[in-house]
Amino acid sequence: MKWIVWLKRLAGAVGVLWAAATLTFIVQQLMPGSPALTILSGGATKPTHAQILAVDQAYGFNKPVIVQYLTFIGHLAQGNLGTSYLQHLPVTTIIAQQMWPTIELTVVALVASWVIALVFTIATAKRRRIVSAIGSGIEIIAAGLPQYWLGIILLVVFAIELKWFPVEGGSGVAPIVLPALTLAIPLAGFIGQVTRDEFAKVLDQPFIISARARGMGDTQVRLRHALRHAVLPGITLSGWALGSLFSSAVVVEAVFAREGLGQVLTNAVAGQDMPVVVGVTLLVAVVYVLANLLVDAAYVLVDPEIRLA
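The structure contained in this document is the topic of the report that follows. Chains are numbered independently. Their residues run from 1 in the order of the written sequence. Thresholds applied to this predicted model are a pLDDT of at least 70 for local features of residues and 80 or more for the giving and counting of side-chain atom pairs; totals over whole chains, interfaces and linings are not thresholded and use all residues. Where side-chain values are given, they derive from all heavy atoms of the structure, hydrogens and water being excluded.

### Focus: the overall build of the chain
- In this description a helix means any DSSP run of H or I spanning at least four residues, a strand means any run of E spanning at least two, and both kinds are numbered starting from the N terminus. Counting secondary structure elements, the chain contains 14 helices and zero strands.
- Listing each helix as α and each strand as β along the chain from the N terminus yields α-α-α-α-α-α-α-α-α-α-α-α-α-α.
- Burial classes follow relative accessibility: with a 1.4 Å probe on protein chains only, a residue under 20% of its type's maximum area counts as buried, one over 50% as exposed, and anything between as partly exposed. Taking all 309 residues of the chain together, 38% fall into the buried category.
- All accessibility values rest on the Shrake-Rupley procedure with a 1.4 Å probe; residue burial counts only the protein chains present in the view. In the structure as shown, the chain presents an accessible area of about 16900 Å², 68% of it carried by carbon and sulfur atoms.

Shown next, in the form of structure tokens:
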């Protein structure tokens, strides 16, 4: 019956994507201004009435809203996100050209956040009261840091003042370090908080006491026994975090002048290029859905008891 469970989850994922597509269509319809003006001139000049009518006819803007909606959903089902109003290229082409830098930044930030959170939690959780309090306090502060502000601080200190990293551009690993830390530090605070609470509970469990009684050292107990059970809440959070990181890359890529979907979305919003805005928005929704499916799979890998259940 496992396939039925996964089929239900897949149906739920399709429902989420349909809802996201419908919402973006509604927002697109409520946007002020004429799409025809954006297509013809970007709003800089005033095309003739005949030109506007021709564009409306070509793109179907003059059809009833329900017909536009069904056409929109039908195109999405075929993987067609439309054509950019400003660049006059397929949206899928524009996204494909700029997607990798954003994916790279998102994955590096997620891995970095887990490394920071786990090292910090293992080192400070369930230690002396002052050590645990300091560790918990730092996690709370980190979780509350605004990414835009943090990015500027890291840029000024480590790129402009210390010159350890390039201000923008460059090659190799160095250019991605500060943007990744900008995303990773607040997320590490969130992961650390939920992991710390679970870690403390697990360390009081009978099987941990039994492991200590067999002469196993504290570090070995934490790494081999407690950690596997303590990371489950953090894995759940990672499903949300992956989508959040992907969307937050918009801000970070703007601060560090990085290529990627952040710049694409910023330019599209400024130019009212709605097909590109819709395309990037739906891509973020797809990332959220896939992340949650991956979390379900990760649960089974981390805790075999879930697989048996």
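Here the narrative resumes.
### So, the packing of aromatic side chains
- Only rings of Phe, Tyr and Trp enter the pairing, Trp through its six-membered ring, and a pair is recorded when the two centres are within 6.5 Å. The plane angle decides the type: under 30 degrees is stacked, over 60 is edge-to-face, the rest tilted. Scanning the model with the defined rule gives three aromatic pairs in all.
- Here Phe 25 and Phe 72 contribute two aromatic rings whose centre-to-centre distance is 5.5 Å and whose plane-to-plane angle is 35°, an arrangement assigned as tilted. Here Phe 25, found in helix H1 (residues 2–30), pairs with Phe 72, found in helix H4 (residues 65–77); they are 47 residues apart in sequence, far enough to count as distant. A single burial state applies to Phe 25 and to Phe 72, both of which are buried.
- With 5.7 Å between their ring centres and 45° between their planes, Phe 158 and Trp 164 make a pair best called tilted.
- A relative accessible area of 25% places Phe 158 in the partly exposed class.
- In this structure Trp 164 comes out as exposed when scored by relative accessible area, which is 57%.

### A few points about a nonpolar patch on the surface
- A grouping of Tyr 148, Trp 149, Ile 152, Ile 153, Val 156, Val 157, Ile 160, Leu 162, Trp 164, Val 167 and Val 251 is seen on the molecular surface, where their side chains present a nonpolar patch of about 970 Å² in accessible area.
- Of all the elements, helix H7 (residues 147–161) adds the most residues to the nonpolar patch, at seven residues.
- Position of Ile 160 relative to the elements: it lies in helix H7.
- Taking the relative accessible area as the measure of exposure, Ile 160 reaches 40% and is therefore partly exposed. Each patch groups residues whose relative accessible area exceeds 30% and which form no salt bridge, using 9 Å between like charges and 5 Å between nonpolar side chains of Val, Leu, Ile, Met, Phe, Trp and Tyr. Counted as salt bridges are all cases of a side-chain nitrogen of Lys or Arg within 4 Å of a carboxyl oxygen of Asp or Glu.

### A short note on the packing of helix H6 (residues 129–143) against helix H8 (residues 174–202)
- Axes here mean lines fitted to C-alpha atoms, for a helix over just the part in contact, with angles spanning 0 to 180 degrees between N-to-C directions. Contact pair H6 / H8: the axes reach a minimum separation of 7 Å and the direction vectors enclose 135°. Put simply, H6 runs oblique to H8. Here the hand of the crossing between H6 and H8 comes out left-handed. Residue-level contacts link Ser 132, Gly 135, Ser 136, Glu 139, Ile 140, Ala 142 and Ala 143 of H6 to Ile 185, Pro 186, Gly 189, Phe 190, Gly 192, Gln 193 and Arg 196 of H8.
- Classification used: nonpolar for Ala, Val, Leu, Ile, Met, Phe, Trp, Tyr, Cys and Pro, charged for Asp, Glu, Lys and Arg, polar for all others including Gly. Looking at the contact of H6 with H8, its residues break down into six nonpolar, six polar and two charged. In these notes the angle categories are as follows: under 35 degrees is roughly parallel, over 145 is roughly antiparallel, 65 to 115 is roughly perpendicular, and the rest is oblique. A clockwise turn of the near helix away from the far one marks a right-handed crossing, whereas an anticlockwise turn of less than a right angle marks a left-handed crossing. Two residues form a contact once any of their heavy atoms are found within 4.5 Å.

### Here's the deal with the nonpolar core
- Only buried Ala, Val, Leu, Ile, Met, Phe, Trp, Tyr and Cys residues count toward a nonpolar core, and they belong to the same one when joined by side-chain atoms within 4.5 Å. Membership of the largest hydrophobic core comes to 54 residues, with the highest contact counts inside it found for Leu 105 and Val 276.
- Ignoring anything within four residues of it in the chain, the contact list for Val 276 reads Ser 84, Val 91, Ile 94, Val 264 and Ala 268.

### Comments concerning the packing of helix H5 (residues 91–124) against helix H12 (residues 261–270)
- Viewed as axis vectors pointing N to C, H5 and H12 meet at an angle of 130°, and their least axial separation amounts to 7 Å. Classified by the angle between their axes, H5 and H12 sit oblique to one another. Contact residues: H5 offers Ile 94, Ile 95, Gln 98, Met 99 and Thr 102, while H12 offers Leu 261, Gly 262 and Val 264.

### Topic: the layout of surface pockets
- Here the term cavity refers to a set of points on a 1 Å grid, laid over the protein atoms alone, in which a 1.4 Å probe fits but cannot get out; the term pocket refers to an open set having protein on both sides within 12 Å along at least five of seven lines, with lining residues being those that place an atom within 4 Å of a point. Grid points are joined across faces, edges and corners, and a volume is the space filled by probe spheres set on the points. Within this model, the largest pocket holds a volume of roughly 710 Å³.
- If you trace the largest pocket, you find 29 residues lining it, with Gln 28, Tyr 59, Phe 61, Gln 68 and Tyr 85 closest to the centre.
- Those elements giving two or more residues to the lining of the largest pocket turn out to be H1, helix H2 (35–41), helix H3 (49–59), H4 and helix H13 (274–302).
- With six residues, the single largest contributor to the lining of the largest pocket is H4.
- Class assignment for the residues of the lining of the largest pocket results in 15 nonpolar, 13 polar and one charged.
- As a volume, the second largest pocket reaches approximately 480 Å³.
- Broken down by secondary-structure element, the contributors of at least two residues to the lining of the second largest pocket are H1, H4, H5 and H13.
- With seven residues, H13 is the largest single contributor of residues to the lining of the second largest pocket.

### Some points on unusual backbone geometry
- The backbone phi angle of Lys 163 is positive, close to 60°, even though this residue is not glycine.
- By the secondary structure assignment, Lys 163 is in the loop between H7 and H8.
- Located in the positive-phi region is Ala 257, a residue other than glycine, with phi close to 55°.
- Position of Ala 257 relative to the elements: it lies in the loop between helix H11 (232–255) and H12.
- Judged by its relative accessible area of 38%, Ala 257 is partly exposed.

### Considering the side chain of Thr 182
- Here Thr 182 is to be found in helix H8.
- What makes Thr 182 buried here is its relative accessible area of 0%.
- N or O atoms within 3.5 Å of each other form a polar contact, as long as, within protein, one can give a hydrogen and the other can take it, and as long as residues adjacent in sequence are counted only when both atoms are side-chain atoms. Here Leu 178 takes part through its backbone oxygen, which lies 2.8 Å from a polar atom of the side chain of Thr 182.
- In contact with Thr 182, other than residues within four places in its own chain, are Gln 147, Leu 150, Gly 151, Leu 154, Val 252 and Phe 256.

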